[in-house]
Structures are given as structure tokens and as C-alpha cells.
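Listed here are the chains, written in short residue letters.
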Amino acid sequence: MAVPHILISNDDGYSAPGILALHGALLERFGNTVHLEVMAPEQDRSGVSNALTLDRPLTVRTAANGFRYVNGTPTDCVHVAVTGLLKTRPDLVVSGINNGANMGDDTIYSGTVAAAMEGFQCGLPAIAFSLAGKGYAHLDSAARVAAEIVERFLNNSLGLEHALLNVNIPPIPYDDLQGYECTRLGKRHHAEPVIPVQNPKGDTVYWIGPPGGAKDAGPGTDFYAITQGKVSVSCLKADLTHVEQMKVLAAWL
Ligand SMILES: Nc1nc2c(ncn2[C@@H]2O[C@H](COP(=O)(O)O)[C@@H](O)[C@H]2O)c(=O)[nH]1
């Protein structure tokens, strides 16, 4: 059997602790039974969603540890890797481990999810991993969970082939985790207001405010699973069609 090829990306940047931990955990678990390629943004690109860079060429460089880095977005990284730069088409794309949660509405803005989604759009199975707390507490635990899920995906014990998974991991010790839960995306309240500040020139500039708190966060949601110490695993799709409203519109047209 051919050695599985795994493409690793993220949105926090190629030198971020999360991608180093993810790569390290996969290397420790699989050794040379899988081939790992890293292609990640040169710098933090959180919140850029599925942005593609169309107004300038992209430069790909290689760091001393063999990680490739790109002066572009997470989507650029996966797109360039899968559509031309890599000589072997990957079998799986993994993204993360994100510094912070990607639950509910976060998934729309998330660069972490977008990197995985670009792999999915290119016809590959993909998994986005996020540590559901800022600051990388218990990152080792999250990396171990990520490697477990990748192993189960590779040996097909998840029963999914072409899937896009969004995984959020509680920032707690591995032994305190309460298992896995298949969840739906919850919803946040609307984001907090922008934060206006004066710059040295006296102009008013604006910082994006904090995300809204959890609103639809009951049992069955990703938000709830995390509060219960469970690893939340959701299946995503990229088709934005609103089927219910299509029926109303069709009747109206
Ligand atoms: N409105 C705000 N949303 C935020 C903020 N920090 C994070 N977020 C949300 O989380 C994701 C992070 O995902 P990433 O994979 O891109 O890092 C981001 O996309 C937002 O949805 C914040 O300060 N304000």
C-alpha cells in the first residue's frame, strides 16, 4: 500500500506552536509510514476565511525545518500545494492546531477551517483542528487527540471518505477529556461593536471587537460539547444553498 501523504497547513503561521505540535504528534505517531508536507502562511492570517490572493504572485520559501511558507492566505497555501507545487497529490489535508476555538459562526471567518475547506474543494478529505482556548494551554493533549483522529481517518474507522471535519478540543489535560461527540455547529450572538481609537494623526480608526458569546449552545452543539470536556467533531459542507428558502423563492418567481 502506498504511503499516505498528508498536507499540513494552518492560519496562525508556519512557526506557530499549533502547527509544530500537530506536525510533531503526527511524526511521533506515524513515523515514516506517512509522508508529511507542511505549507503554511508566512505570518498569522487569522480571520481571513477562504480568501485567495489574486492581485499578486505568491512566493514559496522553505524554512530550516523543511516547512514551506507562503506570503499568502491559508487557502493560497493549500491551493498552491494541491494544484501544482506538490508532485504527489495528498491523501488528506489537516489544518491547525488553531490558537483558539472555531465553533459555530467562527467557521465562516476562520482561516484554519478555510485551509481544510480548500483541500475539500480540491476533492480531498480534510480536517480542521482548533484548541478551544487562547494561549495553547494543554496543546500536547490537543496534538495527541489530533493524531488519534488522523489515525482513525486513515484506517477508515470513522466510516467517512470524502469529508470535511471541524474538530474543537477542550484546553484540558488528556486524561481529563470525556471522549468525543459528533456535534452540530452552534451560534454566537452578533459580534461586539467595533472599538474606535484615535491614531497619532488624530484619525479615528477601528479595531474589530470580540466575538459574540454563545447563543445557540445547548446539548448537541459544539459549544456544549466543549463545556462537557468532550472533543467536538462536526461534519461541514461548502454548499451555501438555503434549500428551505429556495422553495419559497421558487413559488414566488
Ligand atoms: N469578532 C471577533 N471574532 C474573533 C476574534 N477572535 C477570534 N474570532 C473568531 O474566531 C475565529 C478564529 O479563527 P481562525 O482560525 O481564523 O484563527 C475568527 O475567524 C473569528 O470568527 C475577535 O477578536 N473578534
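About the cut-offs
- Residues numbered from 1 in each chain as written.
- Predicted model: local features only at pLDDT ≥ 70, side-chain atom pairs only at ≥ 80, totals over all residues.
- Heavy atoms only, no water.
- Disulfide = S-S within 2.5 Å.
- Buried < 20%, exposed > 50% of the residue type's maximum accessible area, 1.4 Å probe, protein only.
- Near = heavy atom within 4 Å.
- Polar contact = N/O pair within 3.5 Å; in protein donor to acceptor, adjacent residues only side chain to side chain.
- Areas by Shrake-Rupley, 256 points an atom, 1.4 Å probe, with all protein chains shown as cover.
- 1 Å grid on protein atoms, 1.4 Å probe; cavity = no way out; pocket = protein on both sides within 12 Å on 5 of 7 lines; lining within 4 Å.
- Sits in = over half its atoms within 2 Å of the grid points.
- Patch = residues over 30% accessible without salt bridge, like charges linked within 9 Å, V, L, I, M, F, W, Y side chains within 5 Å.
- Salt bridge = Lys/Arg side-chain N within 4 Å of Asp/Glu carboxyl O.
- Helix = DSSP H or I, 4+ residues; strand = E, 2+ residues; numbered from the N terminus.
- Pairing = 2+ DSSP bridges.
- Axes fitted to C-alpha atoms, helices over the stretch in contact; angles between N-to-C directions.
- Parallel < 35°, antiparallel > 145°, perpendicular 65-115°, else oblique.
- Left-handed = near helix turned anticlockwise from the far one by under 90°.
- Contact = heavy atoms within 4.5 Å.
- Nonpolar A, V, L, I, M, F, W, Y, C, P; charged D, E, K, R; others polar.

A. Structural view of the state of the cysteines. Inspection of the entire model under this criterion finds zero disulfides. Counting only cysteine sulfurs, Cys235 is the nearest neighbor of Cys182, a cysteine outside any disulfide, at a range of 5.6 Å. Cys182 gets classed as exposed once you look at its relative accessible area, which sits at 65%. Look at Cys235 and you get partly exposed, because its relative accessible area is 49%.

B. Highlighting the site of the ligand. Taken together, 14 residues surround the ligand, and among them Asp11, Gly47, Ser110, Thr112 and Gly209 come closest. Residue Gly111 places a main-chain N or O atom 3.0 Å away from an oxygen atom belonging to the ligand. Separating a nitrogen atom of the ligand from a backbone N or O atom of Gly209 is a distance of 2.6 Å. Within the complex, 79% of the 500 Å² of free accessible area of the ligand lies under protein. In a pocket analysis with a 2 Å cut-off to the grid points, the ligand is assigned to the largest pocket.

C. How the structure looks around a nonpolar patch on the surface. On the surface, a cluster of nonpolar side chains totalling about 530 Å² of accessible area is made up of Met246, Leu249, Trp252 and Leu253. Positionally, Leu249 belongs in helix H7 (residues 243–252). Looking at Leu249, the relative accessible area reads 41%, which means it is partly exposed.

D. Representation of the pairing of strand E10 (residues 195–198). Taken together, the four bridges between E10 and strand E11 (residues 204–207) define a ladder with antiparallel strand orientation. Counted as the bridge partner of Ile195 is Trp207 from E11. Hairpin connection from E10 to E11: five residues lie between these consecutive antiparallel strands, with Gly202 at a positive phi of about 90 degrees.

E. Quick look at the packing of helix H2 (residues 74–85) against helix H4 (residues 111–121). Where H2 contacts H4, the axes come no closer than 8 Å and their chain directions differ by 20 degrees. On the basis of the axis angle, H2 is roughly parallel to H4. Read as a crossing pair, H2 and H4 show a hand that is right-handed. Side by side, H2 and H4 meet where Pro74, Thr75, Val78 and His79 of the first sit next to Gly111, Ala114, Ala115, Glu118 and Gly119 of the second. Residues that form the contact of H2 with H4 fall into these classes: four nonpolar, four polar and one charged.

F. Broad picture of unusual backbone geometry. Going from Gly96 to Ile97, the amide bond is cis rather than trans, its omega being 0 degrees. Here Ile97 shows up in strand E5 (residues 92–99). Even without a glycine there, the phi angle at Tyr136 is positive, about 65 degrees. Structurally, Tyr136 can be placed in the loop between strand E6 (126–131) and helix H5 (139–154). Phi is positive for His138, which is not a glycine, with a value near 60 degrees. Turning to its location among the elements, His138 is positioned in the loop between E6 and H5.

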